[in-house]
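# Geometric and topological summary
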Amino acid sequence: MAESRDNGQLAGRLAAVAALGFLLAIPPLLTQFDRRDRIFGLPVLYVYLYLVWAVLIGLIAVIVSRSR
Amino acid sequence: MLLRTGVIVGISVGYLGLLFAVAFYAERRADAGRSLINNATVYALSLTVYETAWALYGNVGDAATTGIGFLGIYLGPTLMFALGYLVLRRIIRISRRNRVTSLADFVSARYGKSALLGGLVTVIAVVGIVPYISLQLKAVSNTFEILRRYPEITSPAQLGHAPLLEDTGLYVALLLAAFTILFGTRHLDTAERHEGLVAAVAFESVVKLVALFAVGVSVTFWMFHGFDDVFTQATNAGLGRLFTLQGNLSYGTWVWLVVLAMLSIVLLPRQWQVTIVENVDERHLKRGIWLFPLYQLTNTVFVLPIAVGGLLLLGKAADPDTYVLTLPMAEGQQALALFIFIGGLSAGTAMITVETIALSTMVSNSLVMPLLLRGKSRLTHRDDAAGLVLGIRRAAIVLILLLGYAYFRLTGGGRGLASIGLVSFAAVAQFAPAILGGLFWKNGTRWGVLVGLVAGFVMWAYTLLLPSFAESGLLPVSFLDEGPFGIWLLRPQQLFGLTGLDPVSHAMFWSALVNIGGYVTVSLVVRPSAAERAQAVQFVDILAEPVGERRWQARTTVGALQMMLERFLGREGAERVVRSYSGTMPESPEAAASPDLIHHAEAQLSGSVGAASARLVVDALVGEEQIRPDEVMEMIGEASQRVELIRQRLEFLYDATSAIGTTLDVTHTAEELTQAAVPRFADYVTVDLAEPVLRGDEPGMNGSVSGGGTRMRRAAVGGIREDVPFFSLGELITFVPSSPTARTVESGQAILVPRLRDSPGWQEVDQARAQRILDFGIHSLITAPLPARGVLLGVANFWRADGSDPFEQDDLSLAAELAAHAAVSLDNARRYTREHGMAVALQRSLLPRALPEQNAVDVAYRYLPAQEGVGGDWFDVIPLPGARVALVMGDVVGHGLHAAATMGRLRTAVHNFSSLDPPPDELLGHLDELVTLTDQEAAAAGSETTITGATCLYAIYDSVSRSCAIARAGHPAPALAHPDGTVEFLDVPSGLPLGIGGLPFESIELRLPEGSRLVLFTDGLIERRGQDIDIGLRLLRETLSGADQSPEQTCDAVLDALLPEVQSDDIALLVARTRVLGAGQIAEWDVESDPAAVHRVRAAVSARLVEWGLESLADTTELILSELITNAMRYGVGPIKVRLLHDRLLTCEVYDRSLTSPHLRYAATMDEGGRGLFLVAQLTARWGTRYTEDGKVIWAEQAVPGTPGS
């Protein structure tokens, strides 16, 4: 039974990550970075989207690896 | 030069050969049981079949026109995979459990296994995916054409329209068809798994990643000086708009892209194939959900730099869709160009192979086979059904690829790769409501899906597919601009005047609206069928189960297994099962249970709950069967409840049956039945028995009364309350034929009356009483027969009243069982009663009914048969001539009829011997001899029961001389209570019990004072289990001492003091108080041997008789005496003595010293003598001879007139 609770918790955490990702990937947050400026020589939106993406992947990996 | 057609073709074919080799190797490994793809990383890599040739070429083209917006297609899958545990795991598990092997199968299975839906999904998938396949063909053939024209850089538009037979696309299509057929349809696998294919996909995923990465590095760091340089130059060249969404893509479109990608990563047939169908282990998903996004991130990070670089370096000289290839070509990097071509070929091949295999599975399983089966085609009766299926699949593969080619050739490729891909994305997104809705919403129905899917598909075709035809000139452009037939409102890309959306968003909005709307609305309106509901519950609740991944492949822990066993078998039972396991037992409960152990557990369990249930339970535990856990729990609950119920009933039955039959009394046994069943089984119990049973007789047909029905007597009533208006105890009840009781008697079956109110038959027995019983609250009845040895003793009625549930069918067997057991006890009691009664009757008939009249002693006696049966005790009081009396007390070994019968024989023998009037020791000697002889005869006849061991005591008391002679054969010595109150146990030589033989018996003779009480008894009086015999003797002595009591009083006192609570042996007690014949009642004369003396004696006697008032007897007495004296003078010797005793009788005795016994004879007519004794016999009531120490006595008794009994 503990196993199932573990799985349920895992699913919940991952769903939260998905919600966070979706929130970050759509307006209005997205709009804040939708500029032509560059940062470290890279386009801001390019940096932002890849950063969000990388963070999401990192979160998923951490959550999954911690679940047993 | 590297980039010659021959080289390119050679390397391409060589690469495909390599893929095939990988696949072949993987399958060999799989057959050997060392699967290559049972690996989370391989699984994650196989997911990258998502990255098609589009990803390689089209992304760059897309980025070159719409900028960074292309990323939406890649963020979507990451988000979806984050939801993977919510969605993907659920789908995987359902597919595994239901053996679902394709998307169409899944939809069909979810909605009541509808073949129509499966076919519809297949059609939509094929139609929707064809553009996508054509896109791959286009990418591969275009890049091939461009590459082989090196060093010239050609744009696809310049390639023109080649004749059909010269079109590379056709050959690519055919080549890939052959490749796919080789890969995917060599043989059939029931799980539709293709290990080799998956391995090849994982392998090529690395190739395409490295290829694109190489190009990206080359462009960014070789052609430019890093990211900064690329982006700075781009900004300077006015390409800065590509860095934002604004101006390229509306946010709405962006969101739609993300959502579409989210759906596509699950719903594209090839993704479904690799993610769900090819999944080996649910746990692999855990790595896939982050490794796959990471792959995508790596794969796309150079897309924007390449696009910008291509725009800067090549501009319009090349199609942006081909920048990835043309940039290396332009820089002269031939090897890199060839590498990226191979990467594209690789991606396209993988996509087409997996996609067409998935589609062909759908086509054969969900479309063609159902049609063939429904049409009962002769094809389905072929022996080689597998060959038929494979043939259908191969044909489907070729057909789909040709369709793709046709689409590619017809639409010509006017549009970018990305937009074609989106058309397919939008098509498969139509499945989303059906599948995702079906996963989470139980109420979704078949008709809802049908309506939604058809509407969404039509809307998709109208707003996306047809416009793509129009753009490529297959339809007039006016169709787009003015609407069909000029109907403005129906313009496909501005349907009903909806403007401001790009084509994809527009199409998605409308199709989603009608699809979801139709699905939800119709589902809510139309009631689902039972099959649908069942499937829906199974699908939606699949994750509610408390199982982990471990349960997948028949895996479970020892602990879980043991717990399951405990649920069914109890703790001890479970331990027994585990102990009986022959293999080695893992130490820890956490350890995985071996298949052997699981099998063992199942086998053991099946002994308890049946094979089918055991199978179900174990399957549920190890997670192999399609059964929901809550069902299992329910089942387990029901089963254990049932087990518990049965256990309770057994316990009740055990308790009840051990409480019934503790005695051998019929009525008491019936009462015990009522007590045993109340209150655990019934609130009230009544027992009615046939009349003869109560008397101990055989129950016969006399219970039935004329006109049918039964008459019985109420034997017991018991219940939680006393004041129930049942028939009362002892009442004789006549049951009418329609009453439950009569029906039970007739059928011999227990009868259940759940509602007494509805039973007219029951009420008919006594209407008024029935009404009172009902009013009392009694509502339900079971009437159970009491059968024994095939006859019915009576019935037991179990009643329940308000506050208890009515009896159910289940209770019937329990009641019958209980009654049957009680019946056996009743019958035992009845038979015992009967036999006991007979033995007692026999014994009583053998014992003296009334003691004979005699005046020597006052006598009182008691006889108490043992409780467990009659015994062999006896006693007797025998009047002897001469105012004497013999007292007899005896005891035969054992109990029962045999003992009673033996006792009867011994008693008769003693009686007979006593008439010879021997002294006690002599009498016992005769008796001993008799017993020995009898036993010898019995032994010779084979009988095992003997008399040997019987004891006897014989005493003769003479009330004239006050002397008492006693002898005994193993019998307890009698007690003597003197008139002064002292008590002694007479020291009579013990002697051996009868039949042993050996030493002769000895008599003692003592003189008793008048009023002495001689107490004779059997061992039953003084012997007690667990108590010394001396205690009994002492008690007896104490009781007898003290005040002089009459024999009756003495008997009472002795029994009061000595009667045990449980009488295990029978008791006989005889108390004789001695009397003495007064001197006035005795007259004695010595007679000299002279005939003249006779005369003198006659005169004296006559005078004495007158004195005693017995003148009437004077003549006869004189006559008798003169005869006897004359005889004595003639035959006898020595002095002669005459004695008269006036007691109850008048006794005349003549003593002499001779031992010659006179005997009676009939004198002849002419004889002078010889008439004396004859005369005496005529005149007296009784006469005889007895021997004394010094001679003999001839005596004669005459009745005294006026004395009763004479």
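Residues numbered from 1 in each chain as written. Chains lettered and ligands numbered in written order. Predicted model: local features only at pLDDT ≥ 70, side-chain atom pairs only at ≥ 80, totals over all residues. Heavy atoms only, no water.

Looking at an unreviewed UniProt entry, one finds chain A named DUF3311 domain-containing protein, with Streptomyces spirodelae as its source organism.

### Description of the overall build of chain A
In terms of helices and strands, chain A carries three helices and two strands. Residues counted as buried form 44% of the 68 residues belonging to chain A. Within chain A, counting contacts between residues at least 6 apart in sequence, those at least 24 apart form 53% of the total. In the form shown here, chain A has an accessible surface area of approximately 3,500 Å², with 68% of it arising from carbon and sulfur atoms. (Helix = DSSP H or I, 4+ residues; strand = E, 2+ residues; numbered from the N terminus. Buried < 20%, exposed > 50% of the residue type's maximum accessible area, 1.4 Å probe, protein only. Contact = heavy atoms within 4.5 Å. Areas by Shrake-Rupley, 256 points an atom, 1.4 Å probe, with all protein chains shown as cover.)

### Some thoughts on the pattern of salt bridges
For the structure on display, the rule yields 34 salt bridges over all chains. Note that A:R35 is salt-bridged to A:D37, the shortest N-O span being 3.1 Å. The class of A:R35 is partly exposed, set by a relative accessible area of 40%. Residues B:E145 and B:R149 are paired through a salt bridge, measuring 2.6 Å at the closest nitrogen-oxygen approach. Counted as one network, the salt bridges with shared partners bring together B:R789, B:D827, B:R830 and B:R831. (Salt bridge = Lys/Arg side-chain N within 4 Å of Asp/Glu carboxyl O.)

### Observations concerning the pairing of strand β6 (residues 791-801) of chain B
Residue and element names in this part refer to chain B. Taking burial as the measure, the 11 residues of β6 include nine buried ones, the bulk of the element. With 10 bridges connecting them, strand β5 (residues 778-788) and β6 associate as antiparallel partners. Bridged to P787 within β6 is L792. From the end of β5 to the start of β6, which pair antiparallel, there are two residues, and R789 there has a positive phi angle of about 50°. (Pairing = 2+ DSSP bridges.)

### Considerations on the packing of helix α12 (residues 251-267) of chain B against helix α23 (residues 503-525) of chain B
Residue and element names in this part refer to chain B. Running from amino to carboxyl end, α12 crosses α23 at an angle of 60°, the nearest separation of the two axes being 9 Å. Classed by the angle they form, the pair α12 and α23 counts as oblique. The chirality of how α12 crosses α23 is left-handed. Here G252, T253, W256 and L260 of α12 come into contact with α23, specifically with V504, S505, M508, F509 and A512. Looking at the contact of α12 with α23 residue by residue, the classes come out as six nonpolar, three polar and no charged. (Axes fitted to C-alpha atoms, helices over the stretch in contact; angles between N-to-C directions. Parallel < 35°, antiparallel > 145°, perpendicular 65-115°, else oblique. Left-handed = near helix turned anticlockwise from the far one by under 90°. Nonpolar A, V, L, I, M, F, W, Y, C, P; charged D, E, K, R; others polar.)

### With respect to the sheet that holds strand β3 (residues 732-735) of chain B
Residue and element names in this part refer to chain B. Across the sheet, six strands lie side by side as β3-β2-β1-β6-β5-β4; this open sheet has antiparallel pairing. In this open sheet, the two edge strands, each paired with only one partner strand, are β3 and β4 (751-753). Going from strand to strand, the sheet's axes swing by 30° on average, the running direction of each strand aside. In terms of strand pairing, strand β2 (residues 710-719) meets β3 through four bridges, oriented antiparallel. Each residue of the ladder has a partner; that of T710, found in β3, is F735. In the packing of helix α29 (residues 666-677) onto the sheet, the strands contacted are β1 (684-689), β2, β5 and β6, and the crossing angle to β2 comes to about 55°. In this fold helix α31 (residues 740-747) packs onto β2, β3, β4, β5 and β6, with an angle of close to 25° to the strand it touches most, β5.

### Quick look at the confidence of the model for chain A
Averaged over every residue, the pLDDT of chain A is 84; residues scoring 70 or more account for 90%. Of all helices and strands in chain A, the one with the weakest mean pLDDT is helix α1 (residues 2-25) of chain A (79), whereas helix α3 (residues 44-66) of chain A scores best (91). (pLDDT = per-residue confidence, 0-100.)

### Quick word on the interface of chain B and chain A
Counting from both sides, the interface comprises 46 residues of chain B and, opposite them, 36 residues of chain A. The junction of chain B with chain A conceals about 3,700 Å² of combined surface from both sides, 72% of it contributed by carbon and sulfur atoms. The interface formed by chain B and chain A contains one salt bridge. A salt bridge links A:R38 to B:D228; the nearest nitrogen and oxygen atoms lie 3.4 Å apart. Inspection of the region where chain B meets chain A yields 10 residue pairs in polar contact (both at pLDDT 80 or more). Put simply, the parts of the chain that give the side of chain B that touches chain A at least two residues each are α4 (72-82), α11 (226-236), α12, α14 (284-300) and α15 (303-313) of chain B. (Buried area = accessible area lost by both parts, 1.4 Å probe. Polar contact = N/O pair within 3.5 Å; in protein donor to acceptor, adjacent residues only side chain to side chain.)

### A closer look at the side chain of B:S523
Residue and element names in this part refer to chain B. With respect to the helices and strands, the residue S523 is situated in helix α23. You can call S523 buried: its relative accessible area is 4%. Beyond its immediate chain neighbours, meaning those up to four positions away, S523 contacts W441, N443, G444, T445, G448 and G518.

### Observations concerning α12(B)
All names here are of chain B. Look at α12: 24 Å from first C-alpha to last across 17 residues, which is about the 24 Å you get at 1.5 Å a residue. Across the 17 residues of α12, 12 count as buried, placing the element largely inside the fold. Every buried residue belonging to α12 is among T253, W254, L257, V258, L260, A261, M262, L263, S264, I265, V266 and L267, and all of these are buried. (Expected span 1.5 Å × (residues − 1).)

### Topic: α31(B)
Turning to α31(B), its buried residues number three or more, namely B:P740, B:T741, B:A742 and B:T744. Positioned one or two residues after α31(B), B:G748 has a phi angle of 75°, which is positive.

### Quick word on the UniProt feature "transmembrane region" (unreviewed entry) in chain A
Residues annotated by UniProt as "transmembrane region" (unreviewed entry) correspond here to residues 12-33 and 45-64 of chain A. Counted over residues 12-33 of chain A, helix gives 86% and strand 0%. Its end C-alpha atoms are 29 Å apart. (UniProt positions renumbered as here; feature names shortened; annotations may be inferred.)

### Observations regarding the packing of aromatic side chains
All names here are of chain B. Applying the stated criterion across every chain yields a total of 32 aromatic pairs over all chains. Taking the centre distance of 4.7 Å and the plane angle of 40° together, the rings of Y861 and F875 count as tilted. With Y861 in strand β7 (residues 857-864) and F875 in strand β8 (residues 871-880), this residue pair connects regions lying 14 residues apart in the sequence. With relative accessibility at 26%, the residue Y861 sits in the partly exposed group. (Phe/Tyr/Trp six-rings, centres within 6.5 Å; stacked < 30°, edge-to-face > 60°.)

### A word on empty space enclosed by the protein
By rolling a water-sized probe across the atoms, one finds the places where empty space is left. Residue and element names in this part refer to chain B. Inspection of the entire model under this criterion finds eight cavities of 30 Å³ or more. The calculated volume of the largest cavity comes to roughly 150 Å³. Lining the largest cavity are 16 residues, and of these F727, F735, W762, V765 and W799 sit closest to its centre. Mapped by element, the contributors of at least two residues to the lining of the largest cavity are α32 (760-765), α33 (767-776), β5 and β6. Considering each element in turn, the lining of the largest cavity owes the most residues, three residues, to α33. Residues that form the lining of the largest cavity fall into these classes: nine nonpolar, three polar and four charged. (1 Å grid on protein atoms, 1.4 Å probe; cavity = no way out; pocket = protein on both sides within 12 Å on 5 of 7 lines; lining within 4 Å. Points joined across faces, edges and corners; volume = space filled by probe spheres on them.)

### Side note on the confidence of the model for chain B
Interpretation of the predicted coordinates at a detailed level should be avoided for regions scoring low in pLDDT. Residue and element names in this part refer to chain B. Residues at a pLDDT of 70 or more form 89% of chain B, whose mean pLDDT is 82. Every residue in residues 545-553 scores below 50 in pLDDT, and together they form 37 contacts with partners more than four places removed in sequence or on other chains. Predicted confidence is poor over residues 624-630, with pLDDT under 50, and the contacts of this stretch with residues over four places away or in other chains come to 16 contacts.

### Focus on the layout of surface pockets
All names here are of chain B. In this structure, the largest pocket occupies an estimated 1,200 Å³ of space. For the largest pocket, the lining is made up of 43 residues, of which R884, R1186, Y1187, T1188 and E1189 are closest to its centre. Ranked by residue count, the leading element in the lining of the largest pocket is strand β20 (residues 1182-1188), at seven residues. Of the residues contributing to the lining of the largest pocket, the split by class is 17 nonpolar, 10 polar and 16 charged.

### Overview of unusual backbone geometry
Cis geometry is found at the peptide bond from A:P27 to A:P28, where omega equals 5°. Position of A:P28 among the secondary structure elements: in the loop between α1 and α2 (29-33). In this structure, B:P679 follows B:V678 across a cis peptide bond, with omega equal to 0°. Along the chain, B:P679 falls in the loop between α29 and β1. Here the phi dihedral of B:A883 falls at roughly 55°; this positive angle occurs in a residue that is not glycine. Positionally, B:A883 belongs in the loop between β8 and β9 (884-895). Residue class for B:A883 comes out buried when judged on its relative accessible area of 12%. Within the chain, B:R962 stands out as a residue other than glycine whose phi angle is a positive 65°. Looking at where B:R962 falls in the secondary structure, it is placed in the loop between β10 (951-958) and β11 (963-969).

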